[in-house]
Amino acid sequence: MSAKPYNLTYPQLGNYDIPIGFLVRKGLGLAYTSPPPMTKQTIELGAKHSPDYVCAPFKCMMGCYIEAMEKGANVIIQTGGTCRLGYYGELHEQILKDLGYDFKIMNLTLAQYGGIMGILGGIKKYAPKRKWSQIAKVIPTVAKMIKSIDKVEDYMRKNMGFEDIPGSFEKIYKHFLSKLRQAETTKDVEELYHLTMRSFSRLPVHKPDDPVRVGIIGEYFTIMDPFSNHEIEKKIAMMGAEVHRWMDLSHSVLSCPDDNALDMLRSYAKYDLKRFPSSIWVDSQRKKIKKYVSEDMGASSVATIAMADHYAASGFDGLVHVKSFGCTPEMDAIPVLHNISADYKIPILYLSYDTQSSDTGIETRAEAFYDMISMRKEARQS
Amino acid sequence: MKKAYLGIDIGSISTKGVIIDEEHNILASVYLWTEGNPLGASKKVIQELASQIDLDEWTVVAAGTTGSARKLVGAMCNASIVKNEITAHAVGTTTLHPDVRTILEIGGQDSKIICVEDGVAVDYAMNTLCAAGTGSFLTSQARRLGVDVEEFGKIALGSKNPTPIAARCTVFAESDLVHKIQMGHKKEDIIAGLCNAVANNYLNNIGKGKKILPPIVFQGGVSKNEGVVRAFADSLGEEIIVDENGHLMGCYGAAILAHGSGIEKPFSFDVADMEFVTREVICENCPNHCEIICVYRDGELIDSWGNRCERGVIRS
C-alpha cells in the first residue's frame, strides 16, 4: 500500500451510495469515490474477472470496484451476508490483487473482526485521529437519508403509473437525488424530503379506487438495484399498477417490523451481525409464516416468503419474484411460493437475472404478466 | 364496406397472418417461414392475405402484431396494437376454445404454459435463460439422426420400447442420445425417447408447480409432432387437444386485440410495395452503448427504439 491518503468506495446499490458516501466523508473524514453508475461495461468488466457460476451481484460489485479504483479509490468496502456473500470479500480481494490493483479492503465480516467492537475498531483503523463522537454525530443524518430515499421511492412506485403528465414523477425524483447529494445536515435532508413529498402530492394523477396491485419480493441485492433488475418496478408501475416493495435498507437494517415496543427493543438488543442483514426482522417474520416454513433458509428468503404471504392475504393481484441466477436461498423459497400461489390463487412471475443485457425478454414477460392480472381483475369486477 | 381486422405473428422461425371479421371469423390466413427477414416475410404475408379476400367488400380498420419482431412490423403496418405473444396466444386460444383450462405451447425457441379459468388467463410461465426442449432442439437432433423433423412424430408412434433419455438439459440429453445410438438402440426407440424427453422436460420446468387441468390445448410448432402429443397424453393421463389452426393462435389473438383496442388506424395493403429500411445506431453518450433501431419508410424515419434513457432519443 502506498502512502496515498485513503479513498473509500462501496459498490453501487440503488442510490445508497449517497448515505454511504456521506458517512465516509463527514463521519470518518475520509475521501469517498462513488463508482460510476452501472452500465453494460460494468457488468462485462465484472463478469470477465469473476468465476462463471458466481451470482450476478458478485459480478456487479467486481465491476464497480474496478471502475471506482480506476477513478482513484484505494480502499474497497465489503459488507458480507448470510449466503455465499459471506465469502465474497476474500474472493474479491484475491482476484483484484491478482489483477495488480494496489488497495486495502474493509471487509466488514465477523470472520475478520470477531465481533461488533472488532468491526468498529476495524473501521476506525482508517481514521485513527477521528473521535468516536465525530463519527456518531453523522449517524442520524445517514439514517434520515436512507429513510428519505426509501419513502420517496415507495411513493413513486405506488403512484407514478397513474401520472397525467408523462415523466412528472421522474423529474421531481431526479431533483431530489441531486439535492440529497448536497445535503449537509439532518435538517437539510428533512426539508428536502418534505418538499419532495409535497411536490409529489401536487402532481395530477388519475388513480382508480381499486388499482392493480403488485408486490415485488426476492433477493436482497437484485431487488434493491434497479440496474440489476432492469427497472422491473418502473416497468410494471408504468403499465398502470401500484407497485409495493417492503425490502429496502430502512426495513432491513434500520427499523424492526415488530408490532410493539417491547418486541422491538428485544430485536434491537439482539442485533446480530452474524445474521446480517436479517437479524432485526427474521424472527418476527418467521413467526408469521409458521404454516409454511420452520427454518430460516438464509439471506432474504424469510422476508420473501413473509411478504409474499402478506401481499397475497391483502388481496394483491400478482407478485413478482426477482433473484440473481443461481441464488440458493431464493431458489429454496420458490417451492414455498408455489404453495402460497396455490393457496391464495395469486399468480407469481419468476424472474432470474444473470449478466444478460437485453431488455426484451423481461419486457415481454412483464407485459404479459400485467395483461393477465389486469384482465383477470376486470373479469372479476364485472 | 365491412370492417375487418388484421393480425400478424412474426416468430423467430415462422410468420403467420390472419384477417378476421367483427364476429372473429377467420377470412384469410397465411403461414410461411421468416427466414431471418421479418420485414420481407411480413410483406409476403400481407400480399397473400390481400389475395385471399375481396378488397371491395372488406376494409381493414385496425392491425395488431405479436411475436419477437412485433415492434418492427408494428411500425411498418401502423398497428393499433403491439402485443407480447403470451397475451396474444391466451386471447386467441380462449376465443376458439372458451372452456380451455390449460394451454401448453412449444415453439421454435420458447415454451410456455398458460392456466385459464372462466376464459381468462390466471397464471403463466415461460422458459428463461434456456431453450432446452423446444423445437430447435428437435430439429438439430433430427439432423443428427438423418431424419426430417416432420417425420419425427410418425416414427415415434412406431416405437414399442422408447429409449430413456436424460430430460433435464439439452446438453446432457444430447450426450445421452449419442451414447444410446452408439450402444445400438433402434432409431424409432430413440426418437420416441426424445419426444418423451421434450414432454418431461417441459412438465418438470415450465409446468413445475402448475395445476394442469383439462381441457388441455397443445399448440406451437412442436404440437404438430404426434410423438410429443402422445408423450403428454401418457404423462398427464388426459386427452390433448391439438387445433388444426393451432399455429395461427398468436396472430388470431393479435387481430382480436386490435379489434378490442377500439383504435382504428388506416391500414393499407400498399405497405407490401413500400421500401422499409432499418438502421442500427450505437448511442455513444455513456458506456451502456444502447443499440438504437431506426425504421425508415421510403427514406423517412417513422420510428426508433432501444435507448434506455432520453439521451438516446432519435426523432424524425
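Residues numbered from 1 in each chain as written. Chains lettered and ligands numbered in written order. Predicted model: local features only at pLDDT ≥ 70, side-chain atom pairs only at ≥ 80, totals over all residues. Heavy atoms only, no water.

*Asks:* Help me understand the overall build of chain A in this model?
*Replies:* A count of helical and extended segments in chain A gives 17 helices and eight strands. In terms of overall size, chain A behaves like a compact globule, its C-alpha atoms giving a radius of gyration of 21 Å where 382 residues would be expected to give roughly 21 Å. Its C-alpha atoms give chain A principal-axis dimensions of roughly 70 × 50 × 45 Å. In chain A, buried positions account for 55% of the 382 residues. Here the analysis covers contacts within chain A between residues at least 6 apart in sequence; of these, 73% occur between residues at least 24 apart. Accessible surface, chain A as shown: approximately 16,800 Å² in total, 56% of it carbon and sulfur. With 48 positive and 45 negative side-chain charges, chain A shows a spacing of 6 Å between the two charge centroids. (Helix = DSSP H or I, 4+ residues; strand = E, 2+ residues; numbered from the N terminus. Rg over C-alpha atoms; globule rule 2.2 N^0.38 Å. Buried < 20%, exposed > 50% of the residue type's maximum accessible area, 1.4 Å probe, protein only. Contact = heavy atoms within 4.5 Å. Areas by Shrake-Rupley, 256 points an atom, 1.4 Å probe, with all protein chains shown as cover. Lys, Arg positive; Asp, Glu negative; His and termini not counted. Charge placed at Lys NZ, Arg CZ, Asp CG, Glu CD.)

*Asks:* Got a minute to help me understand the nonpolar core in this structure?
*Replies:* Soluble globular proteins tend to pack their nonpolar side chains together in the buried interior. Formed by 106 residues in total, the largest nonpolar core has its most connected members in Ile-232 and Val-320 of chain A together with Tyr-124 of chain B. Of all hydrophobic cores here, the second largest spans 34 residues; its members include Ala-125, Tyr-202, Leu-203 and Ile-212 of chain B. (Core = buried A, V, L, I, M, F, W, Y, C linked by side-chain atoms within 4.5 Å.)

*Asks:* Any chance you could explain the interface of chain B and chain A here in plain terms?
*Replies:* Interfaces are often described in size by the accessible area the parts lose on coming together. In this assembly, 28 residues from chain B lie in contact with 28 residues from chain A. Where chain B abuts chain A, roughly 2,300 Å² becomes buried across the two surfaces, and 52% of that area is made up of carbon and sulfur atoms. The interface formed by chain B and chain A contains five salt bridges. Lys-345 of chain A is paired through a salt bridge with Glu-117 of chain B; the nearest N and O atoms lie 3.4 Å apart. (Buried area = accessible area lost by both parts, 1.4 Å probe. Salt bridge = Lys/Arg side-chain N within 4 Å of Asp/Glu carboxyl O.)

*Asks:* Please clarify how a nonpolar patch on the surface should be interpreted in this entry.
*Replies:* Residue and element names in this part refer to chain A. Together, Ile-116, Met-117, Leu-120 and Trp-132 line one region of the surface with nonpolar side chains, adding up to about 430 Å² of accessible area. With three residues, the single largest contributor to the nonpolar patch is helix H6 (residues 116–124). Relative to the assigned elements, Ile-116 resides in helix H6. A relative accessible area of 49% places Ile-116 in the partly exposed class. (Patch = residues over 30% accessible without salt bridge, like charges linked within 9 Å, V, L, I, M, F, W, Y side chains within 5 Å.)

*Asks:* Even after reading the chapter, I still don't get the environment of Gly-74 of chain B, so can you show me in this structure?
*Replies:* One can find Gly-74 of chain B in helix H2 (residues 70–76). Residue contacts for Gly-74 of chain B: discarding those within four places in its chain leaves Thr-65, Ala-79 and Val-82 of chain B.

*Asks:* In this structure, what is going on with unusual backbone geometry? I would like to understand it.
*Replies:* Excluding glycine, residues mostly have negative phi values, and the peptide bonds linking residues are mostly trans. That bond from Pro-214 of chain B to Pro-215 of chain B is cis: its omega, -5 degrees, falls within 30 degrees of zero. Relative to the helices and strands, Pro-215 of chain B resides in the loop between helix H7 (187–205) and strand E9 (216–219). The residue Ala-299 of chain A is not glycine, and still its phi comes out positive at about 45 degrees. Of note, Ala-299 of chain A is situated in the loop between helix H14 (282–288) and helix H15 (301–313). The phi dihedral of His-24 of chain B falls on the positive side, at around 70 degrees, and the residue is not glycine. Mapped onto the elements of the fold, His-24 of chain B is located in the loop between strand E2 (14–20) and strand E3 (26–33).

*Asks:* I'm lost on the side chain of Glu-219 of chain A in this one. Help?
*Replies:* Residues and elements named next belong to chain A. Locating Glu-219 in the fold gives a position in the loop between strand E5 (212–218) and helix H10 (220–224). Buried within the structure, Glu-219 lacks any salt-bridge partner; its nearest side chain of opposite charge belongs to Lys-323, at an N-O separation of 8.5 Å. Within the structure, Glu-219 has its side chain in polar contact with the backbone nitrogen of Phe-221 (distance 2.9 Å). If sequence neighbours within four positions are ignored, Glu-219 has contacts with Pro-57, Ser-300, Val-322, Lys-323, Ser-324, Cys-327 and Glu-330. (Polar contact = N/O pair within 3.5 Å; in protein donor to acceptor, adjacent residues only side chain to side chain.)

*Asks:* For this particular structure, what's the right way to read the packing of aromatic side chains?
*Replies:* Each aromatic ring pair is characterised by the separation of its centres together with the angle its planes make. Evaluation of the coordinates by the stated rule reveals ten aromatic pairs over all chains. Aromatic side chains Phe-267 of chain B and Phe-269 of chain B sit 5.2 Å apart centroid to centroid with 85 degrees between the ring planes, which places their arrangement in the edge-to-face category. Under the relative-accessibility criterion, Phe-269 of chain B is labelled buried at 18%. Among the aromatic residues, those joined into a ring-pair cluster are Tyr-155, Phe-169 and Phe-200 of chain A. The residue whose ring lies beneath Lys-97 of chain A is Phe-103 of chain A, and the NZ or CZ to ring-centre distance is 4.7 Å. Geometry around Trp-132 of chain A places Lys-124 of chain A over its ring, the cationic atom sitting 5.5 Å from the centre. (Phe/Tyr/Trp six-rings, centres within 6.5 Å; stacked < 30°, edge-to-face > 60°. Lys NZ or Arg CZ within 6 Å of the ring centre and 35° of its normal.)

*Asks:* Would you take a moment to explain the pattern of salt bridges for this structure?
*Replies:* Pairing between side chains becomes possible if they bear opposite charge and their charged atoms approach one another. For the structure on display, the rule yields 29 salt bridges over all chains. Between Lys-3 of chain B and Glu-264 of chain B there is a salt bridge, with its nearest N and O atoms 2.9 Å apart. Of this pair, Lys-3 of chain B sits in strand E1 (residues 2–10) while Glu-264 of chain B sits in the loop between helix H9 (249–260) and strand E11 (276–282), and the two are 261 residues apart along the sequence. Taken together, the shared-partner salt bridges connect Asp-154, Arg-157, Lys-158, Glu-233 and Arg-245 of chain A into one network.

*Asks:* Looking at this structure, how should I read the state of the cysteines?
*Replies:* Think of a disulfide as a covalent bridge from one cysteine sulfur atom to another cysteine sulfur atom. This model, assessed by the stated rule, comprises zero disulfides over all chains. For the unlinked cysteine Cys-77 of chain B, the closest cysteine sulfur is that of Cys-251 of chain B, found at 12 Å. (Disulfide = S-S within 2.5 Å.)

*Asks:* Even after reading the chapter, I still don't get the sheet that holds strand E13 (residues 300–305) of chain B, so can you show me in this structure?
*Replies:* All names here are of chain B. In space, the three strands of this open sheet follow the order E11-E12-E13, with antiparallel pairing throughout. If you trace the sheet from one side to the other, it starts and ends with E11 and E13, each paired once. Direction aside, neighbouring strands of the sheet carry axes that sit 25 degrees apart on average. Two strands pair when backbone bridges link them, and strand E12 (residues 291–297) and E13 are joined in this way by five bridges, in the antiparallel orientation. Each residue of the ladder has a partner; that of Arg-297, found in E13, is Glu-300. (Pairing = 2+ DSSP bridges. Axes fitted to C-alpha atoms, helices over the stretch in contact; angles between N-to-C directions.)

*Asks:* Even after reading the chapter, I still don't get the domain arrangement of chain A, so can you show me in this structure?
*Replies:* All names here are of chain A. Domain parsing of chain A yields domain 1 (7–130), domain 2 (142–207) and domain 3 (208–381). Summarising the inter-unit geometry, the C-alpha centres of domain 2 and domain 3 are found 23 Å apart. Note on domain 2 versus domain 3: buried area summed over both sides is about 1,400 Å², and carbon and sulfur give 59% of it. It is Arg-157, Phe-162 and Lys-207 that lose the most area in domain 2 upon contact with domain 3, and together they represent 41% of the buried surface on that side. The tally of links from domain 2 across to domain 3 stands at three salt bridges. Where domain 2 meets domain 3, there are three residue pairs in polar contact (both at pLDDT 80 or more). Residue composition of the side of domain 2 that touches domain 3, grouped by class: four nonpolar, two polar and nine charged. (Domains from an automatic or database assignment. Nonpolar A, V, L, I, M, F, W, Y, C, P; charged D, E, K, R; others polar.)

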